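Single-letter residue listing:
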Amino acid sequence: SQYSAVDTNPLSVYIMQPLWNKIIKIVPLWIAPNLLTFSGFVMILVNYFLISFYDWDYTASGTSPGLVPTWVWLFSAFTTFCAYALDSIDGKHARRTQSSSPLGELFDHGLDSWATSIFVLSFFSVCSRDNGKTGVSVYTMYIYLSIVLFNFMCSHWEKYNTGVLFLPWGYDISQVVLIAAYLLTSAVGVEVWQKPFLFGYYITDALVILLIGFSLFLSFPQTLYNIHRAHLKKTLKNDSLYEGLLPLVSPLLLFVLLTVWVVLSPGNILAKQPRLFLWMVGVAFSNVICKVIICQMSSTRPELFHWFLFPLALVVYAAISGLLGWTEEVVLAVFTALVTAAHVHYGVCVGRQLSEHLNIYIFSLKKRVQE
């Protein structure tokens, strides 16, 4: 299917696009677009692991500011900008080198579905977790991450039904806010997040309110409106309501299972291992949403229950029933490692299959030789 995306965000149209059009001219024509996409993702990962090294449990900015060196925040701003730039020019570069393909589209959106959570998890280190005075509680982090992922899911669910990807306004705004937040932190220190800045509210409060406002009052209504408009124009991909709502079943069940674990965990797993738990949430979500993206691109029906829901349900049951006891954290760690490995394996397999099927290499513009 022909890829179509619509971007109406003024920030993107008037400020960022002209910038990307200048940057793209520097990229050599022999570089494969997927290489740009992948480099951006690797930068996000490197940055995430670097921050995790200095701040494993999200307390470095709150209880003892200065544990994370200033250069790390500068590096975060730099990698976030690079990833944002690379994610914005990969499609332009594909058109420029006449190498646009379904593989590239899937590669781009698939990595985005994972990067979305990593951006959020890196940002939490800036505002730190609640220490009684300042910071954000781990439950707020979980809700915050869920809302961001819900937004991402909405735009792809909308494309599944309308065939058009309406690029959410929140994307460009969030990237610019992230970069600004890192620069601000490197300039004045993490203390800026610990002091009230308006009417006793903290900057983090403002950001949470903005995010929720953006999602619930801008993105989500826009999604429903776009689907409704397609319905009126009779351009909907799926006739029945059941088919239209099908892709939402697994992500919503995933959210329900994870939330049950968070709320009913006897060992309070989210408070004990926020970084592991939230990472697992991001990976699980990415895998579920990748299936939806593939179904939407290949015009196939997604299965009702994603396979991942079954092992997760078992682990959640074992945890909340007290079966796991003190091993709950160990089981979470092992489970997280397995889920991450399964997701990477899945990505590699899908990439290989598509590259063979379309007769192209993933990271090179050379054509495959027909056997």
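The name that an unreviewed UniProt entry assigns to the chain is Ethanolaminephosphotransferase 1, with the source organism given as Aptenodytes forsteri. The UniProt entry for the chain carries this comment under Subcellular location (unreviewed entry): "Endoplasmic reticulum membrane". In UniProt, the chain has this text filed under Sequence similarities (unreviewed entry): "Belongs to the CDP-alcohol phosphatidyltransferase class-I family."

*Asks:* Outline the side chain of Ser 286, supporting the account with residue identities and numerical values.
*Replies:* Its location among the elements puts Ser 286 in helix 10 (residues 274-298). Setting aside chain neighbours within four positions, we find Ser 286 in contact with Gly 110, Ser 113, Trp 114 and His 343.

*Asks:* Describe the pattern of salt bridges, with residues and values.
*Replies:* Taken as a whole and assessed by the stated rule, the structure comprises 3 salt bridges. Two residues, Glu 105 and Lys 159, come together in a salt bridge whose shortest N-O distance is 2.8 Å. Residue Glu 105 is located in helix 4 (residues 102-127), and its partner Lys 159 is located in helix 5 (residues 138-162); the two are separated by 54 residues in the primary sequence.

*Asks:* Could you give me a rundown of the layout of surface pockets, with the residues and numbers involved?
*Replies:* In this structure, the second largest pocket occupies an estimated 490 Å³ of space. Taken together, 24 residues make up the lining of the second largest pocket; nearest its centre are Phe 107, Leu 111, Val 344, Gly 347 and Val 348. The element best represented in the lining of the second largest pocket is helix 12 (residues 328-357), accounting for 9 residues. Classifying every residue of the lining of the second largest pocket by side-chain character gives 18 nonpolar, 5 polar and 1 charged.

*Asks:* Explain the packing of helix 4 against helix 5 to me, using residue names and the numbers behind them.
*Replies:* The description of two helices packed together rests on the angle between their axes and the distance between the axes. Where helix 4 meets helix 5, the axes come as close as 9 Å, and the angle between the chain directions of the two elements is 160°. Our classification of the angle between helix 4 and helix 5 gives roughly antiparallel. In this structure, helix 4 crosses over helix 5, and the sense of that crossing is right-handed. Residues Glu 105, His 109, Asp 112, Ser 113, Thr 116, Ser 117, Val 120, Leu 121, Phe 123 and Phe 124 of helix 4 form the contact with helix 5, whose own contacting residues are Met 141, Tyr 144, Leu 145, Val 148, Leu 149, Phe 152, His 156 and Lys 159. Looking at the contact of helix 4 with helix 5 residue by residue, the class counts come to 10 nonpolar, 5 polar and 3 charged.

*Asks:* So, unusual backbone geometry: which residues are in play, and what are the values?
*Replies:* A positive phi is found at Tyr 58, a non-glycine position, where the angle reads about 65°. A positive phi angle, close to 65°, is found at Asn 359, a residue other than glycine. Here Asn 359 shows up in the segment after helix 12.

*Asks:* Report on the state of the cysteines, specifying residues and quantitative values.
*Replies:* Chemically, a disulfide is nothing more than a covalent bond linking the sulfur atoms of two cysteines. On inspection of all chains with the given rule, the structure shows 0 disulfides. Summary of cysteine pairing: Cys 154 is not part of a disulfide, and the nearest cysteine sulfur, belonging to Cys 290, is at 17 Å. The exposure class assigned to Cys 154 is buried, which follows from its relative accessible area of 2%.

Quick notes on the rules
- Residues numbered from 1 in each chain as written.
- Predicted model: local features only at pLDDT ≥ 70, side-chain atom pairs only at ≥ 80, totals over all residues.
- Heavy atoms only, no water.
- UniProt positions renumbered as here; feature names shortened; annotations may be inferred.
- Helix = DSSP H or I, 4+ residues; strand = E, 2+ residues; numbered from the N terminus.
- Contact = heavy atoms within 4.5 Å.
- Salt bridge = Lys/Arg side-chain N within 4 Å of Asp/Glu carboxyl O.
- 1 Å grid on protein atoms, 1.4 Å probe; cavity = no way out; pocket = protein on both sides within 12 Å on 5 of 7 lines; lining within 4 Å.
- Points joined across faces, edges and corners; volume = space filled by probe spheres on them.
- Nonpolar A, V, L, I, M, F, W, Y, C, P; charged D, E, K, R; others polar.
- Axes fitted to C-alpha atoms, helices over the stretch in contact; angles between N-to-C directions.
- Parallel < 35°, antiparallel > 145°, perpendicular 65-115°, else oblique.
- Left-handed = near helix turned anticlockwise from the far one by under 90°.
- Disulfide = S-S within 2.5 Å.
- Buried < 20%, exposed > 50% of the residue type's maximum accessible area, 1.4 Å probe, protein only.

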